[in-house]
Amino acid sequence: MDTEYAVSMKIITKTFGSVIANEKVSLDIRKGEILSLLGENGSGKTTLMNMLSGIYYPDSGEIFVNGEEVVIRSPKDALKYGIGMVHQHFKLISVFTAAENIVLGLHSKGDLNRNAVAEDIRKICDKYGFEIDPNKKIYDMSVSEKQTVEIVKVLYRGADILILDEPTAVLTPQETERLFSVMRNMKADGKAVIIITHKLMEVLAVSDRVAVLRRGKNVGILNTAETGIQELTDLMVGHKVDLNINRSPRGELTKRLSIHDLCCTDINGIPKLCDVSMDVFGGEILGIAGISGCGQKELLEGIAGLQRVSGSIMYTAPDAEEPVEIVGKSPLEIMRSGIALSFVPEDRLGMGLVGNMDLTDNMMIRSYLNGSSPLLDRKSPKDLAKRVVNELEVVTPGLSTPVRQLSGGNVQKVLVGREISSSPAVLMSAYAVRGLDINTSYTIYNLMNEQKERGVAVIYVGEDLDVLLELCDRIAVLCSGHLNKIFEAAETSKDEVGFYMTCLDPEAAGKEDKTI
Amino acid sequence: MNRPEKANKDPLIRIAKRDAISKPRAWGIRLIGVVLALIVCAFVIYAIVHLNPLKVYGSMFNGAFGTEKRTWVTVRDAMMLLCIGVGLAPAFKMRFWNIGAEGQVLVGGVATAACMIYCKSFPAPLLFLLMIVASIVAGALWALLPAVFKSKWNTNETLFTLMMNYVAIQVTSFFVSKWENPYGSNTVGVINPNSNEGWFPAVFGEQYFLNVLIVMTITVAMYYYLKYSKHGYEIAVVGESLDTARYAGINTKAVFIRTMLLSGAVCGLAGFIAVSGASHTISTSTAGGRGFTAIIVAWMAKFNTYVMILIAFLLVFLEKGAIEIASLYNLNNFVSEMIEGIILFFILGSEFFINYRLIFRSKKEADAE
């Protein structure tokens, strides 16, 4: 039977315990189209697609493939119907080659014929415009190459319906463009492509239609050509959203940190930071831009005492004349010497918080040593937890709920709330809005601005250049561990910052003979 | 695997995650697990040895609690197991895989036996103090070594602690041959059989009352230590995530060493209780595998030392019951081990039903209507 639709999902409902992930969602995907599935974090995009790819099974509802009703119980079933999904977190074995990963799990008789497999892979690559070396090991690959392997893997298995879960989250702008052109080739070949995303620009750039999910419900399917950012945002959030970020005026600037010739190497001796020097001032937000892994993490952890660095970081307390050296101090020594440093790390549940502990216990992670008693004081952390929950509107069943059960946005509110509560002089944050919905993101931006107005030196490591340009006063661009350039945010553009992210300033490169 | 048909056919059973479940309900499910285990065991017993299962259960109970003496022996052994489990709790909570309780108990026992043999002329209070200190120091040192290596060179503590067990067994064999009595027997025999120096005195006429008192004190103290002390908090954070611990300013190496000293100390003390409070002798089987069984106790209780009391009793009860039916009905050990296995399987299996629920096809259709 041949129909216009590759897949039809009809009144699909899926619940996890009392949480409704998808409620009566219906969705049709045509052959030869790119459909964007748009929605905030936790709106049920991935759950919906996991039911197509056989990871989850719907509580109720029906799925039709090419007009025939099907039951998909496992990823194997899904592949049988030509549905393949590329997950956000790659499922590859790093000691295997690309070709080995691609054929893994396929039952073929006899020995593995590597040449034949390589030939097939090459055919697929030529057809859609991929570039891939079948004999390269996964651990030698960049993120974008790994993603290519995942996509080829799905195509090799004969998928006609491709689901890509947030494929651009890990890619540079250039790599994203390349992926989009591949997607267009697949579309021209008659395949149905679904891209899960929460980036509006990408929706507009690549898709034919866009389905918007909000709180597990399908709130609208639009033709991309007939809509725009504001309409999609309003649909996604459910009410009118002001998309402008306020940048409060700079207050009086006082020098807090003076970083000089900061260097750091990783465990294999590869330099991660090379002679980074900059000053950080109270009363402004200093943005740090750069492709991920260019030394942002090392810089912040170096300041926090979590990373062994060489060079010098002088800290001047608001009420002190003499600056003190941070380099060489352990986190505990930094705390004990009265350096008011707060740090919102990138890995919220892996470093900033303990997932299995409740809100109260998480509040005292950096202050449990207060007081001379060998016993814990749980009273003040409990009060603090209450205050954070009230002031930042954290949605939680109670103070004794393990934080891992909270949604991403609420986890971040707990972490930021705790770090701000210690009235820091320097507040560092790494990817503070990653994975958060729009409302929570704006709450975080406002909190950063509030701290700046109080005279705190805010360091904001971000990945969204639009946000960096609007929120920060200055932007320092890191490239391969070098401080490439510091811009006044008001006087630069996205293109300029993007350019300095990808290639070294000729001047800076000239000074160093060897770059990474 | 049954492949789905073209026709619409839902899977017969689906698994879905539960919400948080209330405590009484969770215990209800565990109880159902035990009851089901007994029913399954009944069938197995009948099918294999053609005995009346109820009678077999009766004699199991009889074996553990049939006489006052038996009851006290059961209590004594449960306390021993509990003590080691409590000793393991802080290490395992820190995700430090201390597989070396067996060795820590043994060296604690050897230290105790040494005091009993060489210092028997000391006044009783001094002798007891000496035995306690010696066993604690011995156990703690045995645990210190792997902890130091882990801190300094990040060695694998599972293998290290495991191998320390064999060293402990060799050390024990050496002392057994040194203290051999009577000559040529290759055993130490009961130490101070007539004068009873270094033996636990009977309290309120009960020989093992002191065992209960000591172990219960440690159990309660450990509960509070893990839950309410700053040290306990550090242990929990280190166990959950080393990165978070560093971020919190915790000196993880120091916590490793400190916690393993504590863990080894309690295990060493268990060796003291085993020698001075129970067997009054030392041999390579003084620990008797309880260092490993205690791991089950610690994990099943999820490091809650109060729950460990229950689990230690259950395991010892099963062991005693198994020995009884083996001798009474002339069965070999395998039947009793099967029963033990089935019951443990059901208890562990009930954890699955506490976290997940099953949805059957027909039920779902009924819901849809």
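Conventions we followed
Residues numbered from 1 in each chain as written. Chains lettered and ligands numbered in written order. Predicted model: local features only at pLDDT ≥ 70, side-chain atom pairs only at ≥ 80, totals over all residues. Helix = DSSP H or I, 4+ residues; strand = E, 2+ residues; numbered from the N terminus. Rg over C-alpha atoms; globule rule 2.2 N^0.38 Å. Buried ≥ 20, exposed ≤ 12 C-beta atoms within 10 Å, placed from the backbone. Contact = placed C-beta atoms within 7 Å. Nonpolar A, V, L, I, M, F, W, Y, C, P; charged D, E, K, R; others polar. Pairing = 2+ DSSP bridges. Axes fitted to C-alpha atoms, helices over the stretch in contact; angles between N-to-C directions. Parallel < 35°, antiparallel > 145°, perpendicular 65-115°, else oblique. pLDDT = per-residue confidence, 0-100. Domains from an automatic or database assignment. Expected span 1.5 Å × (residues − 1). Bend = angle between axes of the 7 residues up to and from the residue.

Novice: Explain the overall build of chain A to me, using residue names and the numbers behind them.
Specialist: A count of helical and extended segments in chain A gives 18 helices and 20 strands. Taken against the 2.2 N^0.38 rule, which gives 24 Å for 516 residues, the C-alpha radius of gyration of chain A at 25 Å falls within 12% of a compact globule. Taking all 516 residues of chain A together, the buried fraction comes to 44%. For chain A, restricting intrachain contacts to residue pairs at least 6 apart in sequence, the fraction spanning at least 24 positions comes to 68%.

Novice: Just give me the short version of the overall build of chain B, but keep the residues and values in it.
Specialist: Check the secondary structure of chain B and you find 14 helices and two strands. Based on the C-alpha atoms only, the size of chain B along its principal axes is roughly 85 × 60 × 40 Å. When each of the 369 residues of chain B is scored for burial, the buried share is 41%. Taking the contacts inside chain B whose residues are at least 6 apart along the sequence as the reference set, 77% of them involve residues at least 24 apart.

Novice: I'd like a rundown of the interface of chain B and chain A, residues and numbers included.
Specialist: Counting residues at the interface gives 26 residues for chain B, matched by 29 residues for chain A. Sorting the residues of the side of chain B that touches chain A by element identifies β1 (13-17), α8 (230-240) and α9 (242-247) of chain B as the ones contributing at least two each. Considering every element that reaches the side of chain B that touches chain A, the biggest residue donor is α8(B), with five residues. Residues of the side of chain B that touches chain A, tallied by class, amount to nine nonpolar, six polar and eleven charged.

Novice: Provide a residue-level description of the sheet that holds strand β2 (residues 19-30) of chain A, including the pertinent values.
Specialist: Residues and elements named next belong to chain A. Taken together, the four strands give an open sheet; going across it, the order is β2-β1-β4-β5, and neighbouring strands pair in antiparallel fashion. Looking at the sheet topology across the chains shown, the edges are occupied by β2 and β5 (68-70). In this sheet, adjacent strand axes meet at a mean angle of 25° when their direction is disregarded. Pairing analysis gives five bridges linking strand β1 (residues 5-16) to strand β4 (residues 60-65), with the strands arranged antiparallel. Along β4, the bridge assignment pairs methionine 9 with isoleucine 63. Those strands touched by helix α1 (residues 45-52) are β1, β2 and β4, and its axis lies near 120° from that of β1.

Novice: An account of the environment of Ile359(B) is needed here, citing residue identities and associated values.
Specialist: Looking at the element boundaries, Ile359(B) is found in strand β2 (residues 356-360). Linking Ile359(B) and Ile13(B), residues 346 residues apart in sequence, is a C-alpha distance of 5.6 Å.

Novice: Just give me the short version of the sheet that holds strand β3 (residues 34-38) of chain A, but keep the residues and values in it.
Specialist: Residues and elements named next belong to chain A. On the basis of which strands lie adjacent, the open sheet formed by six strands has the order β6-β7-β8-β3-β9-β10 and mixed pairing. Both outer strands of the open sheet, β6 (83-86) and β10 (217-223), are each paired with one neighbouring strand and no more. Put simply, the sheet's adjacent strands are angled 20° from each other on average, direction ignored. Bridge count for β3 against strand β9 (residues 209-214) is four bridges, and the pairing is parallel. Across the sheet, the residue bridging to serine 36 is valine 210, located in β9. The sheet contacts of helix α8 (residues 229-237) involve β3, β9 and β10, and relative to β9 the element is tilted by about 30°.

Novice: Could you give an account of unusual backbone geometry, with specific residues and numbers?
Specialist: Of note in this structure, Asn66(A) is not a glycine but carries a positive phi near 50°. For Asn66(A), the position within the fold is in the loop between β4 and β5. A positive phi angle, close to 50°, is found at Asn192(B), a residue other than glycine. Here Asn192(B) lies in the loop between α6 (157-178) and α7 (209-228). Taking the number of C-beta atoms within 10 Å as the measure of exposure, Asn192(B) has 13 and is therefore partly exposed.

Novice: Help me get a handle on the packing of helix α2 (residues 53-65) of chain B against helix α3 (residues 68-93) of chain B, residues and values and all.
Specialist: Residues and elements named next belong to chain B. Packing of α2 against α3 brings their axes to within 6 Å, and their N-to-C directions diverge by 80°. The angle between the axes of α2 and α3 places the two elements in the roughly perpendicular class. On α3, the residues that touch Gly63, Ala64 and Phe65 of α2 are Arg70, Thr71 and Thr74. Tallied by class, residues from the contact of α2 with α3 come to two nonpolar, three polar and one charged.

Novice: Go over the confidence of the model for chain B with me, naming the residues and quoting the values.
Specialist: Residue and element names in this part refer to chain B. Put simply, chain B has an average pLDDT of 86, and 94% of its residues get 70 or more. Segment residues 1-8: pLDDT under 50, and seven contacts once partners within four positions in sequence are set aside and those in other chains are kept. Contacts for the low-pLDDT stretch residues 363-369, under 50 throughout, to residues beyond four places or in other chains number three contacts. Predicted complex metrics record ipTM = 0.79 and pTM = 0.78.

Novice: For the domain arrangement of chain A, give the residues involved together with the corresponding values.
Specialist: Accessible area lost upon the coming together of the parts serves often as the stated size of an interface. Residues and elements named next belong to chain A. Domain annotation of chain A identifies domain 1 (5-237), domain 2 (254-340 + 424-516) and domain 3 (349-422). Taking only C-alpha atoms, the centre of domain 2 and the centre of domain 3 are 26 Å apart. Facing the twelve residues of domain 2 at the interface are nine residues of domain 3. If you tally residues by element for the side of domain 2 that touches domain 3, the top one is helix α15 (residues 438-453), at five residues.

Novice: Provide a residue-level description of α3(B), including the pertinent values.
Specialist: Residue and element names in this part refer to chain B. For α3, built from 26 residues, the straight-helix expectation of 38 Å at 1.5 Å per residue is met to within 8% by its first-to-last C-alpha distance of 36 Å. The largest bend along α3 measures about 25° and falls at glycine 87, with the proline proline 90 one to four residues further on. Judged by how many residues are buried, α3 sits mostly within the fold: 19 of 26 residues are covered. A positive phi of about 60° marks arginine 95, the residue just after α3.

Novice: So what about the environment of Val86(B)? Which residues, and what values?
Specialist: Residues and elements named next belong to chain B. Tracing the chain through its elements places valine 86 in helix α3. By C-beta crowding, valine 86 is classed as buried, having 32 other C-beta atoms within 10 Å. Residues valine 86 and cysteine 267 lie 181 residues apart in sequence; the distance between their C-alpha atoms is 8.4 Å. The contacts of valine 86, once residues within four sequence positions are left out, are Ile218, Thr219, Met222, Val266, Thr305 and Met308.

Novice: How would you sum up the domain arrangement of chain B? Please name residues and give values.
Specialist: Residues and elements named next belong to chain B. The assigned domain composition of chain B is domain 1 (20-51 + 330-369) and domain 2 (75-328). A straight line from the C-alpha centre of domain 1 to that of domain 2 covers 32 Å. Taken together, the residues that form the side of domain 1 that touches domain 2 break down as three nonpolar, three polar and two charged.

Novice: Account for the pairing of strand β11 (residues 254-265) of chain A, with residues named and values stated.
Specialist: Residues and elements named next belong to chain A. Taken together, the eight bridges between β11 and strand β12 (residues 271-282) define a ladder with antiparallel strand orientation. Paired with leucine 262 across the strands is valine 276, a residue of β12. Hairpin remark: β11 followed by β12, antiparallel, with five residues in the connecting loop; positive phi at glycine 269, about 80°. Judged from the five bridges that link them, β11 and strand β14 (residues 310-315) form a sheet pairing that is antiparallel. Bridged to cysteine 263 within β14 is serine 310.

Novice: Can you tell me about the packing of α7(B) against α8(B), naming the residues and giving the values?
Specialist: Residue and element names in this part refer to chain B. One way to put it is that α7 packs onto α8 with a least axis distance of 5 Å and a crossing angle of 65°. The orientation of α7 relative to α8 falls into the category roughly perpendicular. Each of Tyr225, Leu226, Lys227 and Tyr228 in α7 lies in contact with α8, whose residues at this interface are His231, Gly232 and Ile235. Partitioning the contact of α7 with α8 into residue classes produces four nonpolar, two polar and one charged.

Novice: Describe the confidence of the model for chain A, naming the residues involved and giving the relevant values.
Specialist: Chain-level pLDDT for chain A is 85 on average; 95% of the residues reach the 70-or-more range. In this model, residues 509-516 of chain A is a region of pLDDT below 50 whose contacts with residues beyond four sequence positions or in other chains number ten contacts.

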